[in-house]
Amino acid sequence: MRKYQAHIYVTLRPSVLDPAGTAVMSGLQHMGYDTVEQIRIGKYIELSLTAQDEDIARQQLDLICDQLLANPVIENYRFDLIEQRDGVSA
Amino acid sequence: MKFGIVVFPGSNCDRDVAYVTRLLQQPTRMVWHEETDISDLDVVIVPGGFSYGDYLRCGAIARFSPVMQQVVKHAKQGKFVLGICNGFQVLTEAGLLPGALIRNRDLHFICDRIPLKVERTDLPWTQSYTPGEIITLPIAHGEGQFYADEDTIKQLEDNSQVIFRYYGDNPNGSVNNIAGICNVTGNVIGMMPHPERAADPILGSTDGLGLFKGIGARSEELVVSG
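Residues numbered from 1 in each chain as written. Chains lettered and ligands numbered in written order. Predicted model: local features only at pLDDT ≥ 70, side-chain atom pairs only at ≥ 80, totals over all residues. Heavy atoms only, no water.

(A) Broad picture of the overall build of chain A. Within chain A one finds 2 helices and 4 strands. The C-alpha atoms of chain A give 17 Å as radius of gyration, which overshoots the globular expectation for 90 residues (12 Å, by more than 25%). Counting only C-alpha atoms, chain A reaches 50 × 30 × 15 Å along its principal axes. For chain A, with 90 residues in total, the buried portion stands at 31%. Taking the intrachain contacts of chain A between residues at least 6 apart in sequence as the baseline, contacts between residues at least 24 apart amount to 70%. Surface accessibility of chain A: about 5800 Å² in total, with carbon and sulfur atoms responsible for 50%. Separation of charge centres in chain A, based on 8 positive and 13 negative side chains, amounts to 2 Å. (Helix = DSSP H or I, 4+ residues; strand = E, 2+ residues; numbered from the N terminus. Rg over C-alpha atoms; globule rule 2.2 N^0.38 Å. Buried < 20%, exposed > 50% of the residue type's maximum accessible area, 1.4 Å probe, protein only. Contact = heavy atoms within 4.5 Å. Areas by Shrake-Rupley, 256 points an atom, 1.4 Å probe, with all protein chains shown as cover. Lys, Arg positive; Asp, Glu negative; His and termini not counted. Charge placed at Lys NZ, Arg CZ, Asp CG, Glu CD.)

Okay, here's the thing in structure tokens:
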């Protein structure tokens, strides 16, 4: 079995209003950062798992994200997968 | 009608609901979230609160509790389910109702009393109200903005699945002022306002009582009126 670490990013779908992002945007504008054009706030989740190979790890993560970590009605997700060897990234 | 009220870690409106169903002299029991047999129940109520701390998303973790698998079965058998506030969020997460509840438009947690228009009175739940009746119910939520994509909203409207709409001001930005919906068959309903908090005259309003009377009245004469 191999050990992997996943960095999962859950973001609101583009069509969904993001009030928190909008509020932070107006805060930045008040501070004078008028070059910032858009902010969307999402979630970052770290997760480690064991799997036979990378394909299986990715399949499991897809299921985990689809079933629980993200709500497909309002959110998209993506993840980076890093294989761990001897406690360090490969 | 036998009522069961689901209790998740973090539920905090469960006993308020039980107070109302017992006020109406309906047999009522609390249902712990780990229970796997609810076949004795006619009506399941998923109450408000913060199930599992609302970690990840409101209602996301509750959906996978053992009792929710039974609630889904109960609903599919055509039996009655009501989700209030966090319970509504749980029912959408479980796929029993369409859409999702997202952060309020203005980012505020809102605690207020809000006028609602009753859109449907042909359901067992809402039969105590008159068509187009305006009632006032308390709301208390930070993530009560109803969202669904355009196709889903069209289906909801075409099928008359919207049962309550915010009347006048839209407090949280919900699409089409939606405050409560039902499934296609009408046995499952979800709503953000709290009918149980307006069901005893001591609280200043009984506008929410009709919902419980409607469903309870199906099987027997009610003892408490008005």
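Moving on, there is more to tell.
(B) Region of the structure containing the nonpolar core. All names here are of chain B. Counting 67 residues, the largest nonpolar core has Phe8, Ile45, Val71, Leu82, Phe146 and Leu211 as the members making the most contacts within it. Looking at which element gives the most residues to this core, the answer is helix 2 (residues 66-76), with 5 residues. Apart from residues no more than four positions distant in its own chain, Ile45 is found in contact with Phe3, Gly4, Ile5, Val6, Val17, Thr21, Leu82, Ile84 and Phe212. (Core = buried A, V, L, I, M, F, W, Y, C linked by side-chain atoms within 4.5 Å.)

(C) Representation of the packing of aromatic side chains. Scanning the model with the defined rule gives 5 aromatic pairs over all chains in all. The interplanar angle of 40 degrees and the centroid separation of 5.3 Å between the aromatic rings of Tyr9(A) and Tyr44(A) together place this pair among those described as tilted. Within this pair, whereas Tyr9(A) is found in strand 1 (residues 2-12), its partner Tyr44(A) is found in strand 2 (residues 43-51), the two being separated by 35 residues in sequence. We classify Tyr9(A) as partly exposed; its relative accessible area is 25%. Relative to Phe164(B), the ring of Tyr129(B) has its centre 6.5 Å away and its plane inclined at 85 degrees; by these criteria the two rings are edge-to-face. Pair noted here: Tyr129(B) is in the loop between strand 6 (110-118) and strand 7 (134-141) and Phe164(B) is in strand 9 (residues 162-166), with a separation of 35 residues, a long-range link. (Phe/Tyr/Trp six-rings, centres within 6.5 Å; stacked < 30°, edge-to-face > 60°.)

(D) Looking closely at the side chain of His7(A). Residue and element names in this part refer to chain A. Residue position: His7 is located in strand 1. Side chain to side chain, His7 and Gln5 meet in a polar contact 3.4 Å long. Excluding residues within four positions of it along the chain, His7 makes contact with Tyr44, Ile45, Glu46, Arg78, Phe79, Asp80 and Ile82. (Polar contact = N/O pair within 3.5 Å; in protein donor to acceptor, adjacent residues only side chain to side chain.)

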